[in-house]
Structure formats: structure tokens, C-alpha cells
Amino acid sequence: MTHLPLDQQLLDTCAALLLLLSFAMLSQRRIVTLVNLYALQGAVLAAATLLLAWRTGEDHLYLSAALTLALKVALLPWLLHRLIRRLDVYWDTEPLLNVTGTMLAGLVIVVFAFALAQPITRLASTATRSAVGIAVSVVLLAFLMMITRRKAMSQVIGFLSMENGVFFGAMSASYGMPMVVELGVALDVLVAVLVLGVFFFQIRERFESLDLHHLESLKEHD
Amino acid sequence: MNAVAWLTQGLEAVVALAAAPALLGWVNQCRAWLQNRRAPSLWQPYGTLRKLLHKEVLIAENASPLFRLAPYVTFGAMVLAAGIIPSMGTRLPLVASADAIALVGLFAAARMFMALAAMDVGTAFGTLGARREMMVGFLAEPALLMVILVASLTSSSTALPAITEALVSGHLGLSPSLAFSAVAFILVLLAENARIPVDNPATHLELTMIHEATLLEYSGRHLALMEWAAQLKLFNYVCIGFALFLPWGVAVGRIGPVGLLVAAPALALKLTAAGAGLALIETLSAKMRVMRIPEFLATAFLFAVLGLLVHVLLGA
Amino acid sequence: MHILVHPVITPLPKLLVGCVALLLGWGAVGVAGLLRPRSVRLAGRVLFPLGALIGFALAALAVTSLLGGGIERMVLPIGLPGLPAHLRLDPLSSVFLALLGATAGGISLFAGGYFRAGQGTAPGLLGLQYHLFLASMGWVLIAADAYSFLLAWEAMALTSYFLVVTEHRRAEIRRAGLIYLLMAHVGALAILLAFGVMHGSGPFTFHAMRAAHLSAGWAAAAFLLALAGFGAKAGLVPLHVWLPEAHPAAPSPVSALMSGVMLKTAVYGMLRVALDLLGPPVWWWGLVPLALGLFTILYGALFAAVQTDMKRLLAYSSVENIGVIFTGIGLTIVFAGSGMPAVAALALLATLYHCLNHAMMKSLLFLGTGAVLHATGERNLGRLGGLIHRMPWVAWLTLIGTLAIAGLPPLNGFVSEWLLLQSFLFGDQVPHTFVNLLIPMGMAVVVLGAALAGYVMVKFYGVIFLGRPREAALEHAHDCGWLERIGLAWLALGCLALGLLPVQVIGALGRVSAQLVGAVVPQASAHGWLLAPVPGRPVSYGPAVLLTATVAVVLLTVLVVRLFFPQRVRRVSAWDCGFGALTPRMQDTAEGFGQPIRHLFQPFFEMQRELPAPGDSAPRYRIAIRERIWTLAYEPLCAAIDGLANIAARVQQGRISVYLLYSFVTLLVLLAVALLS
């Protein structure tokens, strides 16, 4: 057993927790719980950022930790919860692929992601293979979640979780993105949620449901 | 040395025997408090056992000797398991002849005897219970074994005490895979001990019951032994959890009976916390449909497998 | 860790001569049956018990040879001119000979009481086929050149084919036999090709093959061909399709022999080729049997769980166990090829141990179903039940096999599973990225398969022996005779012995690991009673201690409970939640017990359901499950071959002049070729 320094161990643990939460989301049907898991993922992300900031002494990482905390743990979950209440969607219907199948696919994805992480790790000097691998896994798993769900709400959460993965990847590969980019992304995410919220109301108004298979009737040729 | 060692071994099993009903009583008490009910006494399970032991035994006419043997085998397996799990001390003699894989095998043997006994009388509910019990078992058992094997990979030994000692001595540091294992383990614990999202120990509703359905034909001392075995199983599972995730307070190295008792307060403290946590989980969750259970357990199994994956990935 | 074995060649191969004599003895016993082919008494009371004695003698001889650890060689001037039969007895052969002798002994005793008059083939003829089958299996194990190996191999296939179609008047049995014969020959062809590749340019003796230096590509080709050939015989998915057809069709002692012993000859062949004849194995070869084995475990277990015919259920369970064995072979090769001989030895021991275990427990179970079949005439689980009251001997002895195959300590199934898991735990040290990641994942499959086996066995035992009889006719079922009881008891004893004495068994098997992978594992801890075979890890297992402790605790509990709470026991009618109108038909059927598995793994199965309509006057529920592999692979393959055959058939015109034209053209072409070259 190699002995890593404590902060590296903590960082690895945070990374593993991120992955764990991604899988928990994959296995969860209740949308309310999904939002809570998302908030938790945000919290772990903030903790990891803080850890990294303390370790590297880079000031802007403190800022981005604070931003993460405010946006992903507090604001977005609050918005989403409100949306759920207003739209009255607490449960997703049966997913397209059952949970066991999805998780098995998730396992394969993780292996694939780690294979992918190998060359990236060689490029970036700061990143460990595990961190990059987990970041890629989180992105792909969120993608998987978006594919298998039917309700638009779950897909938005999947989208947000994907952004978490990108953020973690950037952070571990190059100690965070430039502040401008980060702020831009944060703003983007916020706006996206707001726009999508409006969009949901429109969908429900039109189809009286948030189930996305209704959108299939929009295609021209039948 | 040997006599003392075996005495210590016996003591550990006896403590488990004595404490197991109290753990269940404590969980029930916490649940009642959390649900704004008046709580039964902590000693209620002891009273139930006593009552059952004093009752006449009714056995179905067509029950075979297997039916009468099963409670003793189940109970014996659980007592033995309690001796193997390092709940208070790690260097006990029995441990050398049964590692964690054998422990899971013991649990499987108990389950199999219980299922066979349930099928023995040939009632509709009995076979239903046996089928469901085996359904829970065939997924929960590998999940438990995977959890243990992940820990074995970390400490290069499948003996539970070795795992515990490695964790206590802190050679391993934080192991991220433990997070996955812990989630998997909690899910398995709930399922295996007929706790709420999977089974409801308080009802005999045919649509949902699993564990109780296998015991329907038992009465008197046989039922008492089965109930006691179930309580011991809960105790054992919680102690496995301690051994894998919260090993602090366990007496490491060679100890006598006295050393064992020194470790008892730590165990009591951990059991109190775990019981309260269990009650909280049960209160917060709702019973799920029977055919959702495989999904629940498959999730547990896959979490355990993920733990393995993360261990290999992050360890390499 | 390397321990080199210097082959000890004794001047007079006493043991080998004894072996050959015993095999010939089997042949003689078989031929003796022809004296009075219709006599059940001669076959049942004299010949089969005599065959059993020969079996035990063979086992004793093989164990002696194994403990001696020597290698004996012999050349017999039989066979074609210039191609004498080479024979060889080494530790690997000895293990499998012991397996053959001990298992066949128990089965023959049972068979002595089992075969009755008036069932297809006459008993004398059946005895001939049976004993020739035994002798040919023995010959396979001692053959040391490709020619005599394949001759014995084919004899084994043919005699077992005739045994499978004993009740040849039924069409489905003839069909099962045909599938079996076909697969056996496809397999034999692959083995023939493998030997063809391996012999290089030398003679066809195994000795020459060991010395031949093959290029990497040819060696891999030989390995894969051998895997296909032996895999087809062993029942490795996707070549397992004959197994669930042939095993139920054959009479039970034959099923027991085929499942318990014949499948192991294929394992023997695989080990012989991969670890002995081909020289030091390349690590990646192991990945193929490993992956196939893991898949086979899951596949066999799942299909076993949904069967309704008790012998088919056991056949699929055999498929699963073959999966475990090939997983072990795969691990052995991976470890041996990666420079980890000690761990390879551990995996090899797990493989061999599982072979022994499976021979004992599966034979026991098949014989148990045979006894049930005889007593009730039913193979369908849905028409059995409650037999523990009518047939206590069969029921209690079968229980041992059931618990053993479910992998419960302290019985034997657990030991090999334990060894296999211990060797899996070294998987992350294999020096190849991704492989070291995937091998530990295989552990999950093994564990899942073991748990599923438990499920299957509760279904098997519970539905047949427990509960209430589902048919009125079962009330008249009778227990089996004393010869059958001895046979069953012998095999049950084997299960117990293999479970409780792993230290001694492992010690003996160590010679094989020394021979094949050049390493032995430490067998026992300091106390001598605990099995501690894992190199460099403080892990031990002591089944005897465990059993003693369990028995002690159980006895103590009985004593205490009886002493302090001596309340009387009253027999009453079953309670069942106070539900009065209880009939035996309300118990779970085999279909019902398999329902969770069917539901959970739906995509695996091809299901046809017949559901009763509401208001049906005679409601009927039927579910038929088929393997997808038939529609996905075998049927298209058959259709393709049929199509090719049709094209080829155009050549056949039926007119003499056309055929003469063919000959004429061929002659011209050959002459032209000769002219040009």
C-alpha cells in the first residue's frame, strides 16, 4: 500500500464521493431526492475545491469554492425544489432502461473513463489519473442519466450534474478554469435553469404533462 | 492459553446472545419515539422470548424432522457467527477456522435451513416466504461478500480480525472505496434483517411479508429460537459493519475475558448509535413493493462492485 | 517458489499395469453380461457390484500413485501397425483416475439396484455399454499419444450415446441423442485439429508434443482449438446445448456418470493440453476460458433456476459448475503466464478440488433424482412433493448433496469456492493494466453464481422432498433398495470427507500443481488442522473445527432448551394464517419458485406464456422457456448448413454420364496440373 499524503487522500475520497453520488442519482427515481443528491454533490465539490485551494494556495480557488457553495448547494436546489412544487412532478416514471441495467452500463462507463483518463493524465502534470477518470465518469454518467430518463426535470438535473463533472475535471487538471470562464459557466447554468423552467411550463401547458415522449409528436413526417 | 482463549471466545458469544434482544428493543424504542408513539420497554424482546419458551409447541401433522431441526441449526449458526465477528476482541480461537467467506457461508446455511423448513409444511404462505427469502438472499449474500472482499483486498486477508486490525492500526489511511462499500452494506443490512424498505417486521400482510412468512408455522420454543436467531442476525450484521467501517474500541491483540469486558462499553456506545441510525432510516423510508426488492438489492450489489472497481482504480 | 519435479521412472510400471488390468476388468465385466443379456439378477446383483469393486480398486491404485508422485510409462503393442499405444500415469492422470474410480464405484452400486427389466435396452447389453463407457474414460486418462487418446475419446462418446438412447422408443430421446452425438463429434474434430497442430512434424506421442516448439501463433491456435473441443464436451457456453438435452434423456446412473465423470475427462484434456503439452502457457490464453467460464456460471445458474424438470435443472447446474471449473483453469493460466506460480498453484487446486467435489455431489443428486423417478415415475417438479416422508433415505442423503452443491460450510462445495475466491483476490496483482482490474470483477460473478446455486438448490430440494405431495399417487412412493442406499451413502460420505479433510486432499493435489505449474502451496497452518493454503497471507479455514463448534452449539441449545423448557409438543393441522381450505396445489410449483428469477432476468430467456382468460372454465397456465441461443445461433447455423448442402446437392444429378463427365474433367485437370508443374 502506498502512503499518500493526507490531503491527497482526502481529495481522492471527495472524488470517490462524487462518483458515488453520481451512481446514487442513477439509481434514484424520486425527483426530490435527485435534487438533494445534486445539492450534496455540489457540497462535495465545494469541499474538494476548498481542499485544493488550501493545498495550492491559489486564491481564486477559494472564490470558486464559495461560488460553488452558493450556486450549487443553495440557489439551484432551491430553484429546482420550487419548480418541482409548482409543476407537481415528484416522481419520474419508469426509466427507459431499468435501474440495474443502467448501473451495469455505468460500471462499463467508469472503466472506459479511466482508460480515457490515462493519456490526459500524461498531458497535465497536476492531475492524478483517478481525479481525471472520475471527472470523466461523472460527465458520462450524467449523460447516461439524461438518456434513460423520461421526465424533463430529471434531464435538467442530469445536465447540471454533468457540469459538476466538467468543473471537477478542470479543477483537478489545471487548478480550475480562468475566473472569467468560471463565472461565465456559472451564469450560463443559472440562466439555463431559469430558461428551462419557463420551458417546462410551456411544455406542460401544451401537453398537460412533462413526459418527454410527447415531444415525439412534434416531428413532421409520420 | 487455550482454555482462557476459548473462555474468552465463549464469553463473546454469550455477550452477543444477551445483547441481541436489547438491540432490537432499542431500535423499536427509537422508532416509536421518532414516530410519536409511546415506546415499548427496552426489555420487551426478552419478555417475548420468555413467553414463547414457556408455551406449548404446536407442530403441523406433516412436518418432517427437518422442520424441528431448522430452528436449532439457524440459532447455532448465528451464535457461531457472533463468535467469529470481532465485536470486542480480534484474536479469538474460532476465527482461525472461519474467515469472512465462511461467515457468509454460515449465514447462507442458516437462510437455507430456514427456507427449507418453511417449505416443509407445504402451506401457501410458507413456500411464498421461502421463495422471497431466497430472492432476497441470492442478491444480498453476494453483495455482503463483495463488501467484505473489497475490504480484504485492502488488507490482503479475508479474515475479519485481520481487516479490523489493519483498519485500527491506521496503516491504510482513508480508503475511498469504503464509501461505496458502506452504502452497499447498509442496503444489505436492511434487506437481510427484514427492516423497513424491504420487509416490515411488524405486519403479517401476505402481500408484503417475507421473513415472517417463513416462521408462520413455528410456535413455542421453536419460534423463540427463530426470533432470537433473527435478533442475533441483526446484532451480527451491525457488528460486521463496525468491524469493517468503525473498528475503534475493539481490543486488538491477545486478550483474556477481562480485556474483552473492557471493550464492552465502546461496543455498547456504537450499538446505541447504530440502533438509533437504523430507526431513523426505517422511519424515513417507505416499504417498497416486493418486486422492487431485487432492484434495491441489485443496486446494493452493484455499489459493492463499484467499491471494488474504485479500489482497484484508485489503488493502482 | 519453483519446485522442479524430477520424473521418477520406475523400471516396472506396476501401478500402470494394474490400471490397465482394472480397465480391462471393466471390459470383461461388461462382456460377461452378454452371457445372459435378459437377466436382471446377473447384471444387478453380480456385474454392477463387481464393476463397483473394480472402481474402488482403481481409486485406491490412483491414490497410491498420486501419493507416490512418480510417473510411469508403458508402450503396448496394440492398435495399428507402427502406432503402438503409449500409456502414462502421472499425478494429473492419477487425480482424475481416482475421481473416476471413486465416483463410478458409488454409481455402479446404485445402478445395481436401479436397472430393471423391460426398459428399452436389455440389462446385459446395457451393462456392456456401461462398463465399456467406464473403461474408455479410464483409457482417455492414461493415454499418452494422440491416436489412443482419440480412440478412447470416441469410444467414450459412442458408448455414452448408446446409453443416452437407452429408452430409444421415444422420439425426444432419439433427438437428444442425435444432438449429443453431433456436438461430441464437432468437439472431437476440434481436438483432432488441435493435436494436428501440436504434433508439429514429430510422431503423435504426447512426449513429442511436449518437445515440439510451436510458434506463438500456432500454439495459440492449438490452445483455442483444444478449448473448443474440450469445452464442447464439458458443456461450456455456447457449446453446452447438448447437455440439458442428453442428461435428462439418459437413465439416472448414466446421467450421474456423464455429469460427474465424463465432463471431467474434458477438464482433464484441457489441463493436459494447456498446462502440459503446450509448454509454459501465455497469460492471455487464460482470459478466454476465464471469460467464457464466468459467463457459463451465470448462464447455467439462471437457467437452472427456471427449470421445471428436475434432471434438466441438474443439467444446467452442471453447466454452471463447469463454468466454475473453467474459470479456475483461466485463472491458473493467467497467473502461470504472469510469473506468479504460487498463486497459479492455488487456482489450479481450486479447479481440481471443484472437479472432485462436483463429481461427488452431482452424481449424488442425479442418483437421488433417479430414485425419485423410479418411485414415482415423475420428472416434473410440479407433480412431486413431500417425499421426505415416503423416502427418508433418499431424502436425507440427497440433502447432503444439496447443501454441498449450494456451497455451504463445512461441506465440500464450499472448500473449492473458498479456494477460488482466495486466488481471485490476487487478481489485482497481475502485471497487466485492465486485466488486473477486470479479474477482481470476475469475483462478483462467481459470488453471484454461488448465491444463485443456493436458490436453485432450495427449489430443487424443497419442491421434491418437502411440503405435501402434489399428486395422490405420490402416497405410494417407496424408498430405494439397499444397494442403492449404499451407493448414495458412499457419495454422500465423499462429500463429507472432501469437506472435512481439505488439508489432506490439498496435500495430495499438491503433486499435480508441482507437475503442471511448478509450485505447491503451503497446506496447513501450524496446528495441522487448519487449511491455510494462501501463499503469503494469514488466512485459514478449519471445517472440522467449524463443524465441531456448530454441533456443540446446537447440542448445547437442544439440551438447555429441553431441560429448562420441556413443554410438550402437540401435532395439529397446519396453521397457514388460519386459512382453512388448504390443498397441496397451493404450494409453490417449480414455475412459481423460479418466478423472481424469470422476472428479474427476463431478457435472458425466450418465454412463451399461456395465460388463462378471465372466465375460463378450465383455466390453464403454461410457460415454456427456451434458450435464446437456439434462435440466435444454432438455428441460423443449421439453416446455413442446410442451404450449403442444397447447393452442393446440385452436383448430384443421378445420371451416369454426368458423373463420368465429372471424373473425366477431374482427370484432365489433374493431368494439366502435372504437366504444368
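Preceding this paragraph is the structure being described.
Residues numbered from 1 in each chain as written. Chains lettered and ligands numbered in written order. Predicted model: local features only at pLDDT ≥ 70, side-chain atom pairs only at ≥ 80, totals over all residues. Heavy atoms only, no water.

Digging into the overall build of chain B
Within chain B, the secondary structure is distributed over 12 helices and 1 strand. Counting from the amino terminus, helix and strand elements in chain B follow one another as α-α-β-α-α-α-α-α-α-α-α-α-α. Considering only C-alpha atoms, chain B reaches an extent of 55 × 45 × 40 Å along its principal axes. Within the span of chain B, comprising 316 residues, buried residues form 68% of the whole. (Helix = DSSP H or I, 4+ residues; strand = E, 2+ residues; numbered from the N terminus. Buried < 20%, exposed > 50% of the residue type's maximum accessible area, 1.4 Å probe, protein only.)

Some points on helix α2 (residues 40-68) of chain C
Residues and elements named next belong to chain C. In this model, α2 (29 residues) spans 41 Å end to end at C-alpha, consistent with the 42 Å of a helix rising 1.5 Å per residue. A maximum bend of about 30 degrees is found in α2 at L47, where proline P49 lies one to four positions downstream. By the N-cap criterion, in which a side-chain oxygen at the helix start approaches the backbone nitrogen of a residue two or three places on, α2 is capped by S39, the distance to R41 being 3.4 Å. The first or second residue beyond α2 is G69, which carries a positive phi of 75 degrees. (Expected span 1.5 Å × (residues − 1). Bend = angle between axes of the 7 residues up to and from the residue. Polar contact = N/O pair within 3.5 Å; in protein donor to acceptor, adjacent residues only side chain to side chain.)

Quick word on the packing of aromatic side chains
Any two aromatic rings considered together are summarised by their centre-to-centre distance and by the angle between their planes. Taken as a whole, this structure holds 35 aromatic pairs over all chains when the rule is applied. A centroid spacing of 5.6 Å and a plane angle of 80 degrees characterise the contact between Y114 of chain C and F115 of chain C, whose relative ring orientation is edge-to-face. Residue class for Y114 of chain C comes out buried when judged on its relative accessible area of 5%. Ring centres of F303 of chain C and Y316 of chain C lie 5.5 Å apart, and the angle between their planes is 25 degrees; this geometry places the pair in the stacked category. Here F303 of chain C, found in helix α11 (residues 287-305), pairs with Y316 of chain C, found in helix α12 (residues 310-337); they are 13 residues apart in sequence, far enough to count as distant. Y316 of chain C shares its class with F303 of chain C; the two are buried. Three or more aromatic residues link up through ring pairs in this structure, and these residues are F48, F110, Y114, F115 and Y130 of chain C. One Lys or Arg, K72 of chain A, reaches over the ring of F167 of chain A and ends 4.4 Å from the middle of that ring. Sitting over the ring of W153 of chain C, K233 of chain C keeps its end group 5.6 Å from the ring centre. (Phe/Tyr/Trp six-rings, centres within 6.5 Å; stacked < 30°, edge-to-face > 60°. Lys NZ or Arg CZ within 6 Å of the ring centre and 35° of its normal.)

Some thoughts on the interface of chain C and chain B
Each side of the interface is counted separately: chain C has 77 residues, and chain B has 75 residues. Buried area between chain C and chain B, summed over both chains or domains, comes out near 6900 Å², and the portion from carbon and sulfur atoms is 74%. Inspection of the region where chain C meets chain B yields 3 salt bridges. For the salt bridge of R570 of chain C with E56 of chain B, the shortest nitrogen-to-oxygen distance reads 2.9 Å. Broken down by secondary-structure element, the contributors of at least two residues to the side of chain C that touches chain B are α14 (387-390), α15 (392-405), α16 (412-424), α17 (435-465), α20 (543-564), β3 (569-572) and α21 (590-600) of chain C. When residues of the side of chain C that touches chain B are assigned to their parent elements, the largest contribution, 17 residues, is made by α17 of chain C. Each residue belonging to the side of chain C that touches chain B can be placed in one class, and the counts come to 51 nonpolar, 17 polar and 9 charged. (Contact = heavy atoms within 4.5 Å. Buried area = accessible area lost by both parts, 1.4 Å probe. Salt bridge = Lys/Arg side-chain N within 4 Å of Asp/Glu carboxyl O. Nonpolar A, V, L, I, M, F, W, Y, C, P; charged D, E, K, R; others polar.)

Considering the interface of chain A and chain B
Each side of the interface is counted separately: chain A has 26 residues, and chain B has 22 residues. Taken over both partners, the interface formed by chain A and chain B buries close to 2100 Å², and the fraction arising from carbon and sulfur atoms is 76%. Inspection of the chain A/chain B interface yields 1 salt bridge. For the salt bridge of R29 of chain A with E295 of chain B, the shortest nitrogen-to-oxygen distance reads 2.8 Å. Counting across the interface, chain A meets chain B through 1 residue pair in polar contact (both at pLDDT 80 or more). Within the residue set of the side of chain A that touches chain B, elements represented by two or more residues are α1 (6-26), α4 (99-123) and α5 (129-148) of chain A. Of all the elements, α1 of chain A adds the most residues to the side of chain A that touches chain B, at 10 residues. In terms of residue class, the side of chain A that touches chain B is made up of 16 nonpolar, 6 polar and 4 charged.

Quick word on the packing of helix α5 (residues 124-155) of chain B against helix α9 (residues 220-245) of chain B
Helix-helix packing is described using two parameters, namely the angle between the two axes and the distance between the axes. Residue and element names in this part refer to chain B. Interaxial distance between α5 and α9 falls to 11 Å at its minimum, and their mutual angle equals 25 degrees. Classified by the angle their axes make, α5 and α9 are roughly parallel. Once α5 is placed against α9, the crossing between them reads as left-handed. Judged by residue contacts, E133, L144, V147, I148 and A151 of α5 engage K233, Y237, L244 and F245 from α9. Among the residues making up the contact of α5 with α9, the classes are represented as 7 nonpolar, no polar and 2 charged. (Axes fitted to C-alpha atoms, helices over the stretch in contact; angles between N-to-C directions. Parallel < 35°, antiparallel > 145°, perpendicular 65-115°, else oblique. Left-handed = near helix turned anticlockwise from the far one by under 90°.)

A look at a nonpolar patch on the surface
Residue and element names in this part refer to chain C. Taken together, the side chains of L661, F664, V665, L667, L668, V669, L671 and V673 present a nonpolar region at the surface, about 750 Å² in accessible area. Note that V665 resides in helix α23 (residues 656-676). For V665, a relative accessible area of 40% puts it in the partly exposed group. (Patch = residues over 30% accessible without salt bridge, like charges linked within 9 Å, V, L, I, M, F, W, Y side chains within 5 Å. Areas by Shrake-Rupley, 256 points an atom, 1.4 Å probe, with all protein chains shown as cover.)

Considerations on unusual backbone geometry
Working note: non-glycine residues mostly have negative phi, and peptide bonds are mostly trans. Between V237 of chain C and P238 of chain C the backbone carries a cis peptide bond, its omega angle lying at 10 degrees. By secondary structure assignment, the location of P238 of chain C is in the loop between α8 (216-234) and α9 (243-249). Cis geometry is found at the peptide bond from P409 of chain C to P410 of chain C, where omega equals 5 degrees. Its place among the elements puts P410 of chain C in the loop between α15 and α16. Of note in the backbone geometry, A194 of chain B takes a positive phi value of approximately 55 degrees without being a glycine. Tracing the sequence through the fold places A194 of chain B in the loop between α7 (177-192) and α8 (211-215).

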